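# Residue-level structure breakdown
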Amino acid sequence: MSPVRASPPRVAAALLAAAIAGCGSAGPPVLTPAAQARADGGRPPYTRADVDFMSGMIGHHAQAVVMAGWAPSHGAGASLRALAERIVVGQRDEIALMQTWLRDRNETVPDGGPSHHLMPGMLTAEQLARLDQARGPEFDRLFLAFMIQHHQGAITMVEQLFGANGAAQDETVFKFASDVHVDQITEIEFMSKMLAALANPEKSP
Amino acid sequence: MNRTPASLLAIALLSVPACATSSSPAGATPQPAPDLSTTAPNPDPRVGLRAGWMNPGEAAWNLRVVSKTPPSEKFYNPSTPGDRRLTNSDLAFTGKFAIQGNYSGVQVWDISNPSKPTLRIAYVCPGSQSDVSVYKNLLFVSGESTSGRLDCGLQGVADSVSHDRLRGIRIFEISDIENPKYLTNVQTCRGSHTHTVVSDPKDPANVYVYISGSAPVRSPSELPGCSGAPLDQDPNSALFRIEVIKVPLAAPEQARIVSSPRIFQGLTAPPRHAEPFDSARAARIAAAAAANPGAAVRVTDGTVARAADTTRPARRGGPTQCHDITAYPAIGLAGGACGGYGLLLDISDVANPKRIAAVADSNFSFWHSATFSNDGSKILFTDEWGGGSAPRCRATDKYEWGANAIFTLIDNKMTFKSYYKLPAAQTSFENCVAHNGSLIPIPGREVMVQGWYQGGISVFDWTDPSHPKEIAYHDRGPMDSTKLVSAGSWSVYWYNGFIVSSEIARGLDIFELLPSGFISRNEIDAAKTVHFDYLNAQEQPKLVWPPSFALARAYLDQLARSNGLAPARVSAVRSELARAEKLSGNARREALTGLADQLGSDAQGSSDQNKVRMLAAAARDLAATPR
């Protein structure tokens, strides 16, 4: 995967030039993180995989926001409404983070609506319609099952990103992707317990 | 509203633009008279602060800014705000040095003159998040990111599988603080997001490091043996465990992993307080399902069953990792903040920590770190909801979300009491959530200072675990008024009389706690008698107060505040302490012993018997201190 904007050799050359310029002709060039940042304009090299991840995850998150946004109107239980509200707030903020990252790099910025291209774990139109038709306890059960599927997909996307050469070298991408990974694993466990408790109410967590 | 003119002046002074580029020794300005009110400024001056990087609006209450020092020029690029490579991270302390991690390396500050910290070295070695700890002549630095290199190079690691990559712990020898010697490193499967140095009183030849990593497991082609498979598929999975590294002090280059405790094994859902799962409703659902088999069939048909099946690659079985572990060797316990749980670990066998209790909380999203009360009877956990990148202190964000949860800890049982969250609403351009802090050694109370990223720092009292209360703060406006640019206090710790904060984008801040209606001069003076040779907040030190008149007066002030002694008696004891302080030798000893005896009798009739006894003990200890 080749970097989108600045290939490593070009960056290295720019860095060297900047370092030499910064030091004048006397003394050896000293390359520091700050000199590197000045040379690349504060934008470390990134790859198409990074861009695909950040823009793909916007559409992925947007579907979760839509699903979770139904909780109040679809008769969800109190615990589920709380979980859904946290998902709405959390994933909306993350959408803003991804949009900022793309905008800062003059990349195409998805508008924050659910993507039509199905990323891993995303609900099909049919699944989405079923969830939208469900009410009360059935909504809870379907929501948990579908959101677990949805979160598993996000984890898959992170693991694919980490498997791509040159990807996640940018600290913002690395940090964000790692957060998605650990947060959603934690949430899957929480939702699995809620789902189990729905089936066995006496074992309620 | 009950604000004195002096406090208004203090706020006004602190709200003027900060010095842009250099340390600003605040000692030059006359100190305003202390604000002895117990009413917080209203409206809260933290709301609506002007945005800016090095010159934002500022507000402070009961804290004095001693210095603000920008990062080393090696880690500071004024032309691009928010470059995550240049993030300042955690702090450790040794002697007169504050060691500050940075995603691109480590900075060592000499803080012997806190109004003018001086940089001794900025060591370049990229690899987030560079959490730092010290032990004797060793420095430990966490590396987790995929761009960290064994050779500390700046170029990152392009290949997804590479033997140039470092994810784990770097170990430096720092006898010569300006020339850290990179001794060795210990690679781990998930890298080291945080770590905890744990010393073992029974094993002085070694020191141990608990490694917590949150990022995905790397390929076995890069580090042999690494597996990210579920535990039921691979008993050697790198998930569901922590790593324990043993470092022989005589040969630290031989540091290695000695155990990988599966501290989550058998962890079932612990009881939750606060709006737990709605069991009554769940019972109704089950009843309805039983009465209507058709409905049950509908929700277990093909699509949904497949969806549910995707959970089976068992992300189940408890958390896969801890975010951070706070060890408190003096009481043989550690608090683990692990996925969706707060764990209590028995660390009496340091290399083999064992889980002895766990709590969950339906309002907690991501358990981040723990702090014990000094006597071990309480524990506070933080929830870093959103990982520190998100604005979670807006007026619309719930108080219980992204907050601290305070528990009593009695006979190894944790019982929830309350939440504490930064009480000042922040903008959507300020990342803000509960983060790192430490106890301020005010004797007889639990007072803590904590960083909330761009929410600033908050000092709060949690002596009463059911009613925590903010008593001091400092805050800046957002980095940018148009978008969220990461900044703020990563961590803030009390170290030998001062409050030192690592500001992600703005460098190193040092504060002094001011006397107020909540904390007396005597209590602060007593806090300043506590001396650490070194400090890693993740290995909580037991606070011990040497005998001093300040200590006795601190307890006396607390008894005056709580009416644990009648006002006339408080005055008499105060006079007696003043008289004794002027005496020496036998006369002093007799005066103090007499006072201690009287206080012993006072305790019987006091509503705060413990405190009176602590005061009596403080007087007796003073009597035994030769002068």
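Cut-offs applied
- Residues numbered from 1 in each chain as written.
- Chains lettered and ligands numbered in written order.
- Predicted model: local features only at pLDDT ≥ 70, side-chain atom pairs only at ≥ 80, totals over all residues.
- Helix = DSSP H or I, 4+ residues; strand = E, 2+ residues; numbered from the N terminus.
- Buried ≥ 20, exposed ≤ 12 C-beta atoms within 10 Å, placed from the backbone.
- Contact = placed C-beta atoms within 7 Å.
- Expected span 1.5 Å × (residues − 1).
- Arc of directions from axis to C-beta.
- Pairing = 2+ DSSP bridges.
- Axes fitted to C-alpha atoms, helices over the stretch in contact; angles between N-to-C directions.
- Domains from an automatic or database assignment.
- pLDDT = per-residue confidence, 0-100.
- Core = buried A, V, L, I, M, F, W, Y, C linked by C-beta atoms within 7 Å.
- Parallel < 35°, antiparallel > 145°, perpendicular 65-115°, else oblique.
- Left-handed = near helix turned anticlockwise from the far one by under 90°.
- Nonpolar A, V, L, I, M, F, W, Y, C, P; charged D, E, K, R; others polar.

## Topic: the overall build of chain A
Of the regular secondary structure elements, chain A holds 7 helices and 0 strands. Moving toward the C terminus, one meets the helices and strands of chain A in the order α-α-α-α-α-α-α. Counting all 205 residues of chain A, 56% fall into the buried class. Across chain A, the fraction of contacts at a sequence separation of at least 24, relative to all contacts at a separation of at least 6, is 72%.

## Points about the overall build of chain B
The helix and strand tally for chain B stands at 9 helices and 31 strands. Counting over 627 residues, chain B shows a buried share of 56%. In chain B, 61% of the contacts between residues at least 6 apart in sequence involve partners at least 24 apart.

## Digging into helix α8 (residues 585-605) of chain B
Residues and elements named next belong to chain B. Compared with an ideal rise of 1.5 Å per residue, which puts 21 residues at 30 Å, α8 spans 32 Å between its outermost C-alpha atoms and is within 8% of the ideal. Along α8, the positions that sit buried rather than exposed are Ala 591, Leu 592, Leu 595, Ala 596, Leu 599 and Asp 602. All buried residues of α8 project into a common sector of 135° when viewed along the axis, lining one side. Along α8, exposed side chains directed more than 90 degrees from the buried face belong to Asn 586, Ser 601 and Gln 604. Tucked into the core, α8 has its buried residues touching α7 (567-582) and α9 (609-623).

## Some details on helix α6 (residues 549-562) of chain B
All names here are of chain B. Taking 1.5 Å per residue, 14 residues should reach 20 Å; α6 reaches 20 Å between its end C-alpha atoms and fits that length. For α6, the buried fraction is high: 10 of the 14 residues fall into the buried class. Taken together, the buried positions of α6 are Ala 550, Leu 551, Ala 552, Arg 553, Ala 554, Tyr 555, Leu 556, Asp 557, Gln 558 and Leu 559. For α6, the elements touching its buried residues are α5 (521-527), α7 and α9. Looking one or two residues past α6, Asn 563 carries a phi angle of roughly 60°, positive in sign.

## Points about the sheet that holds strand β26 (residues 457-461) of chain B
Residue and element names in this part refer to chain B. Strand order across the open sheet formed by 5 strands is β1-β27-β26-β25-β24, with antiparallel pairing between neighbours. The strands lining the two open edges of the sheet, one partner per strand, are β1 (58-61) and β24 (437-440). When strand polarity is set aside, the average angle formed by the axes of neighbouring strands in this sheet is 20°. Bridge analysis of strand β25 (residues 447-451) against β26 gives 5 bridges, and the strand direction is antiparallel. Across the sheet, the residue bridging to Val 449 is Val 459, located in β26.

## Details of the sheet that holds strand β20 (residues 367-372) of chain B
All names here are of chain B. Strand order in the open sheet made by the 4 strands is β20-β21-β22-β23, with antiparallel pairing throughout. For this open sheet the edge positions go to β20 and β23 (413-420), each flanked by a neighbour on one side alone. Averaged over all neighbouring strand pairs, the angle between strand axes comes to 25°, with direction disregarded. In the sheet, strand β21 (residues 378-383) pairs with strand β22 (residues 404-410) via 5 bridges, with the strands oriented antiparallel. If you follow Leu 380 over to β22, its bridge partner there is Ile 406.

## Quick look at the domain arrangement of chain B
Size of an interface: often given as the accessible area lost when the parts come together. Residue and element names in this part refer to chain B. Segmentation of chain B into domains returns domain 1 (1-19 + 45-80 + 363-545) and domain 2 (549-623). On a C-alpha basis, the centres of domain 1 and domain 2 stand 33 Å from each other. In this complex, domain 1 contributes 9 residues to the contact, which on the side of domain 2 involves 9 residues.

## Quick notes on the pairing of strand β28 (residues 489-495) of chain B
All names here are of chain B. For β28, the buried fraction is high: 7 of the 7 residues fall into the buried class. Pairing between β28 and strand β29 (residues 498-503): 6 bridges, direction antiparallel. The partner of Tyr 493 across the bridge, within β29, is Val 500. Once β28 ends, the chain turns through 2 residues before running back antiparallel as β29, passing Asn 496 with a positive phi of about 50°.

## Comments concerning the environment of Val 447 of chain B
All names here are of chain B. With respect to the helices, strands and loops of the structure, Val 447 is situated in strand β25. It is 25 Å that separates the C-alpha atoms of Val 447 and Pro 567, two residues lying 120 residues apart in sequence. If we ignore the near neighbours within four places in the chain, the residues touching Val 447 are Leu 439, Ile 440, Ile 442, Val 459 and Asp 461.

## A few points about the confidence of the model for chain B
Residue and element names in this part refer to chain B. When pLDDT is averaged along chain B, the result is 89; 87% of the residues meet or exceed 70. Confidence drops under a pLDDT of 50 for residues 1-29, and excluding neighbours within four residues, the segment shows 55 contacts in the predicted structure. Segment residues 275-316 is flagged for pLDDT under 50; beyond a separation of four residues in sequence, or across chains, it makes 59 contacts in the model. Across the predicted assembly, pTM comes out at 0.89 and ipTM at 0.86.

## As for the nonpolar core
Counting 165 residues, the largest nonpolar core has Ile 99, Ile 440, Leu 615 and Ala 619 of chain B as its most contacted members. Setting aside residues up to four positions removed in sequence, Ile 440 of chain B forms contacts with Val 447, Met 448, Val 449, Val 459, Trp 494, Leu 513 and Ala 527 of chain B. Counting 56 residues, the second-largest nonpolar core is a separate cluster that includes Phe 53, Trp 101, Leu 144 and Leu 198 of chain A.

## Regarding the packing of helix α3 (residues 48-69) of chain A against helix α4 (residues 78-104) of chain A
Angle between the axes and distance between the axes: these two values describe a pair of packed helices. All names here are of chain A. Closest axis-to-axis distance for the α3/α4 pair is 9 Å, and the angle between their directions is 155°. Between α3 and α4, the angle is such that the two are roughly antiparallel. Of the two possible hands of crossing, α3 and α4 adopt the one that is left-handed. The residues of α4 that touch α3, namely those facing Met 54, Ser 55, Met 57, Ile 58, His 61, Ala 62, Ala 64, Val 65, Ala 68 and Gly 69, are Ala 84, Ile 87, Val 88, Gln 91, Arg 92, Glu 94, Ile 95, Met 98, Gln 99, Trp 101 and Leu 102. Along the lines of polarity and charge, the residues of the contact of α3 with α4 split into 14 nonpolar, 5 polar and 2 charged.

## Points about the packing of α6 of chain B against α7 of chain B
All names here are of chain B. Direction vectors running N to C along α6 and α7 enclose 170°, while the axes themselves pass 10 Å from each other. Considered as vectors, α6 and α7 are oriented roughly antiparallel to each other. Residues Phe 549, Ala 552, Arg 553, Leu 556, Leu 559 and Ala 560 of α6 touch α7, and the partners they reach there are Val 570, Val 573, Arg 574, Leu 577 and Glu 581. The class makeup of the residues in the contact of α6 with α7 is 8 nonpolar, no polar and 3 charged.

## Here's the deal with unusual backbone geometry
All names here are of chain B. Residues Asn 42 and Pro 43 are joined by a peptide bond in cis, for which omega reads 5°. With respect to the helices and strands, Pro 43 occurs in the loop between α1 (5-15) and β1. Cis geometry marks the peptide bond from Ser 128 to Gln 129, where omega comes out at 0°. Along the chain, the position of Gln 129 falls in strand β7 (residues 129-135). Of note, Asn 62 is a non-glycine position whose phi angle comes to about 60°, a positive value. Relative to the assigned elements, Asn 62 resides in the loop between β1 and β2 (63-69). The phi dihedral of Tyr 453 falls on the positive side, at around 50°, and the residue is not glycine. Its place among the elements puts Tyr 453 in the loop between β25 and β26.

## With respect to the environment of Ser 160 of chain B
Within the element layout of this structure, Ser 160 of chain B appears in the loop between β8 (138-143) and β9 (168-173). Residues Ser 160 of chain B and Asp 461 of chain B, spaced 301 residues apart in sequence, show a C-alpha to C-alpha distance of 47 Å. Once you skip the residues sitting within four places of it in the chain, Ser 160 of chain B turns out to touch Phe 162, Gly 163, Ala 164 and Asn 165 of chain A.

## Here we look at the environment of Gly 168 of chain B
All names here are of chain B. When you line up the elements, Gly 168 lands in strand β9. Here Gly 168 falls in the buried class, since 27 other C-beta atoms lie within 10 Å of it. Considering only alpha carbons, one finds Gly 168 and Arg 190, 22 residues apart in sequence, at a separation of 7.6 Å. Each residue touching Gly 168, except ones within four places of it in the same chain, is listed here: Gly 143, Asn 185, Val 186, Gln 187, Thr 188, Gly 191 and Ser 192.

## A short note on the confidence of the model for chain A
With 83% of its residues at a pLDDT of 70 or more, chain A shows a mean pLDDT of 86. Segment residues 1-29 of chain A: pLDDT under 50, and 45 contacts once partners within four positions in sequence are set aside and those in other chains are kept.

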